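# Reading the structure
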Amino acid sequence: MWKHRLSAIGGEFVSVERETAFQQERLPETLRHARLVFLCGVLLNTLFLLSDWRFAGQTHFWVAVPARSGVILISLICLLATRNVASFGRLQAVMVTWEIVVAGCVALLCSSRSDIALFVMLLLPAIYMIVVPTRFFWSVASSALASVALTAGYLLPGPLPSTAFGICLAVLVSNIAMLLFVVRSNRLRRLEWMATQAERRANTELAESRRLFETMFKAVPIPIVVSRRDDGQIVDANDAANRFYGLDDGEDLTQYRTRDLLDGDARRLIQAELDRTGTADEIEISTGAQGRVRRDAMLSAVTVEMDGSTRIISSLVDMTSRKAVEERIRLAAQRDVLTGLPNRALFQTTLDAALSRAEASGERVGLILIDLDAFKEVNDTLGHEAGDAVLKEVARRLGKAIGEHDLVARLGGDEFVIIAPCEKDRHQPSRRIHALSRAILDVLKPAMGVSGRVVSLRASLGLALYPEHAANSTDLFTNADLALYAAKAAGRNRATLFIPALRADIEHRVSVAREMRSTLEVGGLIPYYQPKISLASGRIIGFEALARWQHPTRGLLSPASFSTVFDDAEIGIAVGHVLARQIFADIAGWIAQGYDPGRVFLNLSSAQFAQDNLAECLIADLSAAGLAHDRIGVEVTETVLLGGHGDRVSAILSDLHRAGIRVALDDFGTGYASLTHLKQYPVDEIKVDRSFVRDLERDPNDAAIVTAVVQLGQNLGLDVTAEGVETEAQAEFLREQGCAYAQGYLYSKPMPQSRVPWFLKKHGGRAASLGAAVSAALKFA
């Protein structure tokens, strides 16, 4: 094409329009170049002018100063003139003017015929030809003009030096060499410019094509995702894909990798198909960004080479609605209607399958039975709708606590079960089942609001492992149930792992319960009494009644030996009733003999509070025994207050308190919410647990706790009794702190009712000296 042809002589475009376009596009660069030339002219000649002052007074000085000043002046004028230049033609006029004036001034300098003048004769034409960016014609003309002017300035006036011919020849050869260089440079610059123009056009066309492709790509209604094969980073996605994944405005799938959207099994399946055939067709997956709704889809993918790397282009067909319909049909047969959890049938099927897999792979399977503590109370007090709401919330929380491969099911009522794969190493305890049980207890701990009431969700957990604890699903379930029973017996709201001894323990519990029923019929359950002493006066102000079982073969047993009977509400109520009547009869007998036993406290168990009319029964028994209400008090532990009968316990204690029966909070400080209990329940007295009193002489922490409890009682107007006092130093410390009462072996061990009159007579209603009290306690224990 003739417009792209270059002149053979000057190396410029033959087309004037083409050459003008070339120069105009390069104008900003040419302007910077010209300004730099003018600035260098000013700076260099200023330095030369300063150097020429050493010739002051000589003939050369009067030639150099005007010439240097002329160069500086014209350079400054041209530098300022470039400020308003808008075309290459005007800039070239400024540069040619500068060249002509500078050539004249430098020719005047060359008249000195100095050695440097010879150098300048060759240098200045080279600068005009190579450095100053003018058209080829003006480059040649200005260089020739400068060469003639400088040569004439050097050689004239005569006489001519002997080297005149050589000088002229050197100038000519120099100009010819520079001419050839300029021709070549012109051609290369324009060829480079044409190549740049061609690349620019190609990039523009490519960009337009890319924009068209991207527009079509974005507009396709099928979700399409492009990702890198090596690391799964998503590099592009259309609008349909962003909508499919439910991304908000401003978000983009390029922030994710495929592992953020697909689970490991799906990625491995897709990758295997791509490795085998290069494509993956109609693979069903579940996909979704973390924290967003997951969707079911049919995925097809293909690998392509793009930008020097392998990319995977995936298309998705939304199958969420179809899957939802299928899931609803499946759930109807395998899910609990209320909670949506797997039902007993699905649980059994899943457990059998899990044990079969475990047998083949050598893995372990954990089973966790969950029973809500005191759920019946929620139904009884708040109604079945509230109970259903609690069960739904428990199901939701359990779903949050379990792992991806675990299963939680509802067996019925308030019973739930979890199947949890555990570690393969059967020679080490399973950390996973214990961690999961802790997570379950933690997730159930926060209270929830139901029907305008606050309900605390607590549960007992029974744990068993296959194959350590059972060889089949039936035995595994049975053993987990035994562990659950043990957890309830140990105080509830805890997890217990099955051990073989639990079977023997269950048998023992059954045996103890059977024997206790017989004992209640024949009268083998008796109270023992431990005196309560006023630390201020030393007087005996009352007793605490403690249960003892006169076993026919094992002898006298303390409550620790038969505490399991209180797990059965029926037996627990019967035991409390028998003891209360016996205690009241003993008090009435002592009073009839002329003794004053003070106030006798009896302990109420958790089982007794299951009896709605407990307060009425106790008051009725008092009246039947002919006793005043100020003759007795009741003690409850925080275990009773935390037993899930909160409202009932509060109502019963309030009735007793109003009737003049004192209420003492036993084992204060060892529970979970003592201060809350002091506010919530009608408490008259708090008892410092023996575990704090025992070491208060040696342990500053125990001493501080005791002091704090005593001060708390004083501030709240409550009496404080210290249990387990065994030394005079302990009694003295408690007295100094202001503790009101004390119990312990320092004064007496618990004694049968027949010893109480003797004890009261021996001490005349007053405790003897501490040393004598110790001796008496040891003698009559």
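Residues numbered from 1 in each chain as written. Predicted model: local features only at pLDDT ≥ 70, side-chain atom pairs only at ≥ 80, totals over all residues. Heavy atoms only, no water.

## Digging into the overall build of the protein
Across its full length, the protein holds 27 helices and 22 strands. Taking 28 Å as the expected radius of gyration for a compact globule of 781 residues, we find that the protein reaches 52 Å, considerably beyond that expectation. Based on the C-alpha atoms only, the size of the protein along its principal axes is roughly 165 × 75 × 50 Å. In the protein, which comprises 781 residues, the proportion classed as buried is 44%. When contacts within the protein are restricted to residue pairs at least 6 apart in sequence, long-range pairs at least 24 apart make up 64% of them. Here the protein displays about 39,400 Å² of accessible surface, and carbon together with sulfur accounts for 57% of that area. Here the protein contributes 84 positive and 89 negative side-chain charges, whose respective centroids are spaced 6 Å apart. (Helix = DSSP H or I, 4+ residues; strand = E, 2+ residues; numbered from the N terminus. Rg over C-alpha atoms; globule rule 2.2 N^0.38 Å. Buried < 20%, exposed > 50% of the residue type's maximum accessible area, 1.4 Å probe, protein only. Contact = heavy atoms within 4.5 Å. Areas by Shrake-Rupley, 256 points an atom, 1.4 Å probe, with all protein chains shown as cover. Lys, Arg positive; Asp, Glu negative; His and termini not counted. Charge placed at Lys NZ, Arg CZ, Asp CG, Glu CD.)

## With respect to the confidence of the model for the protein
For the protein, per-residue confidence averages 85 on the pLDDT scale, and 95% of positions sit at 70 or higher. Mean pLDDT per element in the protein: helix H27 (residues 770–780) is the minimum at 38, and strand S21 (residues 741–742) is the maximum at 96. Confidence drops under pLDDT 50 across residues 766–781; counting only partners more than four residues distant or on other chains, this segment forms 25 contacts. (pLDDT = per-residue confidence, 0-100.)

## Describing the sheet that holds strand S12 (residues 495–497)
Spatial ordering of the open sheet is given by S7-S8-S6-S11-S12, a layout of five strands whose pairing is mixed. Single-partner strands in this sheet number two, and they are strand S7 (407–412) and S12. Across this sheet, the average inter-strand angle for adjacent strands is 20 degrees, counted without regard to direction. In this sheet, strand S11 (residues 459–466) lies alongside strand S6 (residues 364–372) in antiparallel orientation, the contact comprising eight bridges. Bridge pairing in S11 links Leu369 to Gly462. Lying on the sheet, helix H12 (residues 344–361) is in contact with S6, S7, strand S8 (415–422) and S11; it crosses S7 at an angle near 135 degrees. The sheet strands contacting helix H16 (residues 473–489) are S6, S7, S11 and S12, and the helix crosses S11 at an angle near 145 degrees. (Pairing = 2+ DSSP bridges. Axes fitted to C-alpha atoms, helices over the stretch in contact; angles between N-to-C directions.)

## Structural notes on the sheet that holds strand S2 (residues 234–237)
Strand order in the open sheet formed by five strands is S2-S1-S5-S4-S3, with antiparallel pairing between adjacent strands. Sheet topology places S2 and strand S3 (279–287) at the edges, where each strand pairs with a single neighbour. Pairwise comparison of adjacent strand axes, ignoring direction, gives a mean angle of 30 degrees for this sheet. Sheet topology places S3 next to strand S4 (residues 295–306); seven bridges connect them, and they run antiparallel.

## Topic: the pattern of salt bridges
For the structure on display, the rule yields 33 salt bridges. For Arg658, the salt bridge goes to Asp655, with nearest N and O atoms at 2.3 Å. One end of the pair is Arg658 and the other is Asp655, both in helix H21 (residues 646–658) and three residues apart, which spans about a single turn. A relative accessible area of 27% places Asp655 in the partly exposed class. (Salt bridge = Lys/Arg side-chain N within 4 Å of Asp/Glu carboxyl O.)

## Details of the side chain of Lys532
The topology assignment puts Lys532 in strand S13 (residues 525–534). Overall, the relative accessible area of 1% leaves Lys532 in the buried class. If sequence neighbours within four positions are ignored, Lys532 has contacts with Arg539, Ile540, Ile541, Gly542, Phe543, Phe601, Glu685, Thr721, Tyr741, Ala742 and Gln743.

## Some thoughts on helix H24 (residues 700–716)
Relative to the 24 Å expected for 17 residues at 1.5 Å per residue, H24 spans 24 Å between its end C-alpha atoms, a close match to the ideal helical length. For H24, the set of buried residues is Asp702, Ala703, Val706, Thr707, Val709, Val710 and Gly713. Projected down its long axis, H24 carries its buried residues within an arc of 160 degrees, all on one side. Set apart from the buried face of H24 by more than 90 degrees, the exposed residues are Pro700, Asn701 and Asn715. (Expected span 1.5 Å × (residues − 1). Arc of directions from axis to C-beta.)

## Considerations on the pairing of strand S20 (residues 719–722)
Both strand S19 (residues 685–688) and S20 contribute to a ladder of four bridges, which runs parallel. Considered in S20, the bridge of Glu685 is made with Asp719. In terms of strand pairing, S20 meets S21 through two bridges, oriented parallel. In the strand pairing of S21, Ala722 is matched with Ala742. With helix H25 (residues 728–737) bridging S20 and the parallel S21, this β-α-β connection has right-handed handedness. (Right-handed = clockwise from strand over helix to strand, strands pointing away.)

## Quick notes on helix H6 (residues 136–155)
Taking 1.5 Å as the rise per residue, H6 with 20 residues should run 28 Å; its terminal C-alpha atoms sit 28 Å apart, in good agreement. Among all positions of H6, only Phe136, Ser139, Ser142, Ser143, Ala146, Ser147, Leu150, Thr151, Gly153, Tyr154 and Leu155 are buried.

## Looking at the packing of aromatic side chains
Applying the stated rule across the entire model yields 11 aromatic pairs. Each ring, one from Phe38 and one from Trp98, has its centre 5.6 Å from the other, and the planes form 55 degrees; the classification is tilted. Taken as a pair, Phe38 in helix H2 (residues 27–52) and Trp98 in helix H4 (residues 88–110) lie far apart in primary sequence, 60 residues in all. Take Phe38 and Trp98: they sit in the same class, and that class is buried. Consider the rings of Phe347 and Phe477, whose centres lie 6.1 Å apart with planes at 55 degrees: the pair is tilted. (Phe/Tyr/Trp six-rings, centres within 6.5 Å; stacked < 30°, edge-to-face > 60°.)

## Structural notes on unusual backbone geometry
With an omega dihedral of 5 degrees, the bond running from Tyr466 to Pro467 counts as a cis peptide bond. Phi angles above zero are rare outside glycine, and Glu282 is one such case at about 50 degrees. On the secondary structure map, Glu282 appears in strand S3.

## Brief notes about the state of the cysteines
Evaluation of the coordinates by the stated rule reveals zero disulfides. Unpaired in terms of disulfides, Cys168 finds its nearest cysteine sulfur in Cys110, a separation of 13 Å. (Disulfide = S-S within 2.5 Å.)

## A look at the side chain of Arg599
Structurally, Arg599 can be placed in strand S16 (residues 599–603). For the buried Arg599, no salt bridge exists, and the shortest N-O distance to an oppositely charged side chain is 5.4 Å, to Asp630. Once residues lying within four places of it in the same chain are set aside, the contact partners of Arg599 are Ile541, Gly542, Phe543, His629, Asp630, Arg631, Ile632, Gly633, Gly660, Ile661 and Arg662.

## So, the nonpolar core
Counting residues in each nonpolar core, the largest one holds 60 residues, and the members touching the most others are Phe584, Leu602, Leu604, Phe609, Leu653, Ile686 and Val725. Ranked by residue count, the leading element in this core is helix H18 (residues 569–592), at five residues. Listed in part, the 35 residues of the second largest apolar core include Phe38, Ala103, Leu155 and Ala164. (Core = buried A, V, L, I, M, F, W, Y, C linked by side-chain atoms within 4.5 Å.)

## Let's talk about a nonpolar patch on the surface
On the surface, Phe165, Leu169, Leu172, Val173, Ile176 and Leu180 cluster together into a nonpolar patch covering about 630 Å² of accessible area. Inspection of the secondary structure puts Val173 in helix H7 (residues 164–219). (Patch = residues over 30% accessible without salt bridge, like charges linked within 9 Å, V, L, I, M, F, W, Y side chains within 5 Å.)

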